[in-house]
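Here is what each chain is made of, one letter per residue.
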Amino acid sequence: KQEDVTRQVPIHDVDPLSLFGRNDSNLRLIERSYPVQLTYRNGTLGVRGEETVADEGSGLMTALADLVRRESADDTPGQGDGGGRAQRRVTTEEQ
C-alpha cells in the first residue's frame, strides 16, 4: 500500500456553501466515490489519500472550485448577459 499524502487546494475566494453543498453533501459524495479524506482550514481544502487518488481528488476539487468561481462571476450584477441564473428559461410550450 502506498503511503498517504495530502494535496492542498486553495479555495479562499470560493463560497464554501456553494462548493461543499448543503450539509457538506458535495464533500460527502466525493469521499464516498474516492478513498480520500477532505478537510477545510483557513481557506484551503486538504485532500488526503494514496498519492494517485489524492491527486485525482484534488484535481476534481480544483475543477469544482473553478466552476463555482465561474458561476459566481456570471451571477454578479452588471456582468455579461445579466447573470447565469437570471436568464429567462424557455418552456416546452414556447418552443
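It should be noted that the structure appears before, not after, this text.
What comes next concerns the included structure. (Residues numbered from 1 in each chain as written. Predicted model: local features only at pLDDT ≥ 70, side-chain atom pairs only at ≥ 80, totals over all residues. Heavy atoms only, no water.)

## Details of the overall build of the protein
The criterion, for reference: The way it works is that DSSP assigns letters per residue, a run of H or I at least four long becomes a helix, a run of E at least two long becomes a strand, and they are numbered from the N terminus. Buried, partly exposed and exposed residues are distinguished by accessible area as a fraction of the type maximum, computed with a 1.4 Å probe on protein chains only: under 20%, between the cut-offs, and over 50%, respectively. A contact between two residues is defined here by any heavy atoms of the two lying within 4.5 Å.
Check the secondary structure of the protein and you find three helices and three strands. Ordering the α and β elements of the protein from the N terminus gives β-α-α-β-β-α. By the burial criterion, 24% of the 95 residues in the protein qualify as buried. When contacts within the protein are restricted to residue pairs at least 6 apart in sequence, long-range pairs at least 24 apart make up 59% of them.

## Details of the sheet that holds strand β1 (residues 4-10)
Heads up, the condition is: When DSSP finds at least two bridges between two strands, those strands are taken to pair. To define axes, lines are fitted to C-alpha atoms, for helices over the stretch in contact only, and angles between the resulting N-to-C directions are given on a 0 to 180 degree scale.
Pairing is antiparallel in the open sheet, where three strands are placed in the order β1-β3-β2. Each of the sheet's edge strands pairs with one partner strand only, and the pair in question is β1 and β2 (37-41). Neighbour-to-neighbour, the strand axes of the sheet open up by a mean angle of 25°, direction not taken into account. Of the strands in this sheet, β1 and β3 (44-50) are in contact with helix α3 (residues 51-74), which crosses β3 at around 155°.

## Observations regarding the packing of aromatic side chains
Filter applied, for reference: Ring pairs are drawn from Phe, Tyr and Trp, using the six-membered ring of Trp, whenever the two centres fall within 6.5 Å, and their geometry is named by plane angle: stacked under 30 degrees, edge-to-face over 60, tilted for the rest.
Applying the stated criterion across every chain, the model contains one aromatic pair. Between the aromatic rings of Phe20 and Tyr40, the centroid separation amounts to 5.2 Å while the plane-to-plane angle is 75°, which identifies the pairing as edge-to-face. With Phe20 in helix α1 (residues 16-20) and Tyr40 in strand β2, this residue pair connects regions lying 20 residues apart in the sequence. By relative accessible area, Phe20 is classed as buried at 8%.

## Quick word on α3
In an α-helix, one turn spans 3.6 residues; hence positions three or four apart end up facing the same way. Our working definition: Helices are assigned an expected span. That span is 1.5 Å times one less than the residue count.
In this model α3 runs 34 Å from its N-terminal to its C-terminal C-alpha over 24 residues, within 8% of the 34 Å that 1.5 Å per residue would give. Residues of α3 that are buried include every one of Val53, Ala54, Gly57, Ser58, Met61, Ala65 and Val68, and no others. Where the residues of α3 are buried, they touch β1, α1, α2 (25-33) and β3.

## Details of the side chain of Ser58
Tracing the backbone through its elements, the reader meets Ser58 in helix α3. What makes Ser58 buried here is its relative accessible area of 11%.

## Quick word on the pattern of salt bridges
Our working definition: Any carboxyl oxygen of Asp or Glu within 4 Å of a side-chain nitrogen of Lys or Arg constitutes a salt bridge here.
Using the criterion set out here, one finds six salt bridges in the structure. One salt bridge connects Arg7 with Glu51, and the closest N-O pair in it is separated by 3.3 Å. Pair noted here: Arg7 is in strand β1 and Glu51 is in helix α3, with a separation of 44 residues, a long-range link. With a shortest N-O distance of 3.6 Å, Asp24 and Arg28 are connected by a salt bridge. Judged by its relative accessible area of 30%, Asp24 falls in the partly exposed class.

In short, shape yes, function no, at least from these values alone.
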